[in-house]
Amino acid sequence: MTATRDAKGSTNRILIVSENSDLATKVGSGFSSHGRHDVSIQASSLAEMNGRAIKQAKQQDVVIFEAPAGEGPETDALTALLQEKTGETLYFALADEHATIADARRLREAGIDEVIPNTVSADQLESIVSDFLKRTRTAAATPSSHEGVVLPITQSRGGVGSTTVAVNLARALVGRSGTFRKRQKSRVALVDFDIQFGNANVLLDLEDNGSMAELINRGSAPDASDVVAIMQQHPSGVDLLSAPHSVVPLDAISPKMVEDLLDLLRSNYDYVVVDMPRALVEWISPILQRATTVYMVMEPDVPSVRQARRLFDTYREELVSLPVEFVVNRRARPMFKSQQIKEAESVLETKLQFWLPDAPRETKKAADLGQPVVELYPRSKLSKAIELLAASSRTLTQHKIELV
């Protein structure tokens, strides 16, 4: 695939590499049933292809292969292949049910574009690949177009303070003007998709302006010219799309509306922070698909950790390679890890890097005044911890941000 090729009317060159003939045939059938794909099947492993894999891959738009398990010749062959990656070919790894979170992360860090469960249907895989190609080509055709990053904030269970984290992270991402020189502030949108229990507007002392309810009734996202009208501007610099004042059914929102709304906001903001709903609904899929990093707010107790793992596994069924960072709320970073923390990290298969200390007085006062904690108490330990979370977000997403 060349970056300038038209996504419409072009034939996508798809190479499937697998020793499993049944899997290769199943995968290939999903692409062959559509006229826009030219499918080739290599009935071997990457290692068996030797140097031919690199040459053959460069002639393809997409290479699909089975994710290697552990160290060995197959991993070495994949490493050699990715070292020659030019950006013109997309690489998709099919992972089995034994693949861990760490496995998926290593593949993404190595340069794999997407990691997909090998249990997906052939049609689902074709849809995922086609959508990825479309988005890649659209971005390449308009290199100067703005595309902000999406940062969903979810929770392991109710009451862990995810909305407080979302509001304060959004404010921290706006940035501040320096005393001696003017710094460029980021444009930040906060979307409260907790449509039944959301109260981000309360923490910002803003009344619901009815925009979300209007979008739900209309069933579609607004035009680009209406972005300013639907968003509420807070003095802190955060623009809010609040949850509706009245409770609405969870299925009142369609995936298409969420997809279009997020794409519109990404074109107008540097960061789109999403306060996620407390339920698993169909329309969270486009949010996860656009997420640069998902922050899962939790507490270090056993029930919260177990729920965090269950929720992550559910998200993983949607996107194996979904980047998730766990945020421990209401607990300061310990100097030494207790056995409980070690067990939590073992269950979650990751190090707990983000800790937000408990600050009941500051958070209550900030809520009463309708101001973020980082705005009202910028020197508090909680504010400093949230600023570190924001700094990490900037580091993780810097390559995608285009400030204007």
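Preceding this paragraph is the structure being described.
Anyway, here's the lowdown on the structure attached to this text. (Residues numbered from 1 in each chain as written. Predicted model: local features only at pLDDT ≥ 70, side-chain atom pairs only at ≥ 80, totals over all residues. Heavy atoms only, no water.)

## Considerations on the pairing of strand 10 (residues 271-275)
Working step 1: Among the five residues of strand 10, five are classified as buried, and the element is accordingly described as predominantly covered.
Working step 2: As paired strands, strand 6 (residues 149-155) and strand 10 are joined by five bridges and run parallel to one another. Residue pairing in the sheet places Val150 in a bridge with Val272 of strand 10.
Working step 3: With five bridges connecting them, strand 7 (residues 188-192) and strand 10 associate as parallel partners. Paired with Ala189 across the bridge in strand 10 is Val272. (Buried < 20%, exposed > 50% of the residue type's maximum accessible area, 1.4 Å probe, protein only. Helix = DSSP H or I, 4+ residues; strand = E, 2+ residues; numbered from the N terminus. Pairing = 2+ DSSP bridges.)

## Some details on helix 13 (residues 302-318)
Working step 1: End to end, helix 13 covers 25 Å across 17 residues, agreeing with the expected 24 Å (1.5 Å per residue, within 8%).
Working step 2: Those residues of helix 13 lying buried are Ser304, Val305, Ala308, Arg309, Leu311, Phe312, Tyr315 and Arg316. (Expected span 1.5 Å × (residues − 1).)

## What about the side chain of Gln155?
Working step 1: Following the sequence through the fold, Gln155 ends up in strand 6.
Working step 2: If we skip the residues at most four places from it in the chain, Gln155 touches Val160, Ser162, Arg278, Met296, Val297 and Leu311. (Contact = heavy atoms within 4.5 Å.)

## Concerning the packing of aromatic side chains
Working step 1: Within the structure shown, the criterion is met by three aromatic pairs.
Working step 2: Look at Tyr295 and Phe354: their rings are 6.1 Å apart centre to centre, the planes differ by 90 degrees, and that puts the pair in the edge-to-face class. Within this pair, whereas Tyr295 is found in strand 11 (residues 294-298), its partner Phe354 is found in strand 13 (residues 354-356), the two being separated by 59 residues in sequence. There is no split in this pair, since Tyr295 and Phe354 are both buried.
Working step 3: Here the aromatic rings of Phe312 and Phe326 are separated by 6.3 Å at their centres, their planes lie at 50 degrees, and the arrangement is tilted. One end of the pair, Phe312, is in helix 13; the other, Phe326, is in strand 12 (residues 324-329), and 14 residues separate them in sequence. For the residue pair Phe312 and Phe326, the accessibility class agrees, reading buried in each case. (Phe/Tyr/Trp six-rings, centres within 6.5 Å; stacked < 30°, edge-to-face > 60°.)

## Thoughts on the pattern of salt bridges
Working step 1: The final tally for this structure, using the stated rule, is 19 salt bridges.
Working step 2: With its nearest N and O atoms 3.8 Å apart, the salt bridge here joins Asp61 to Arg13. Here the residue Asp61 occupies a position in the loop between helix 3 (52-57) and strand 3 (62-66), and Arg13 occupies one in strand 1 (residues 12-17), the gap between them amounting to 48 residues.
Working step 3: Judged by relative accessible area, which is 0%, Asp61 ranks as buried.
Working step 4: By relative accessible area, Arg13 is classed as partly exposed at 31%. (Salt bridge = Lys/Arg side-chain N within 4 Å of Asp/Glu carboxyl O.)

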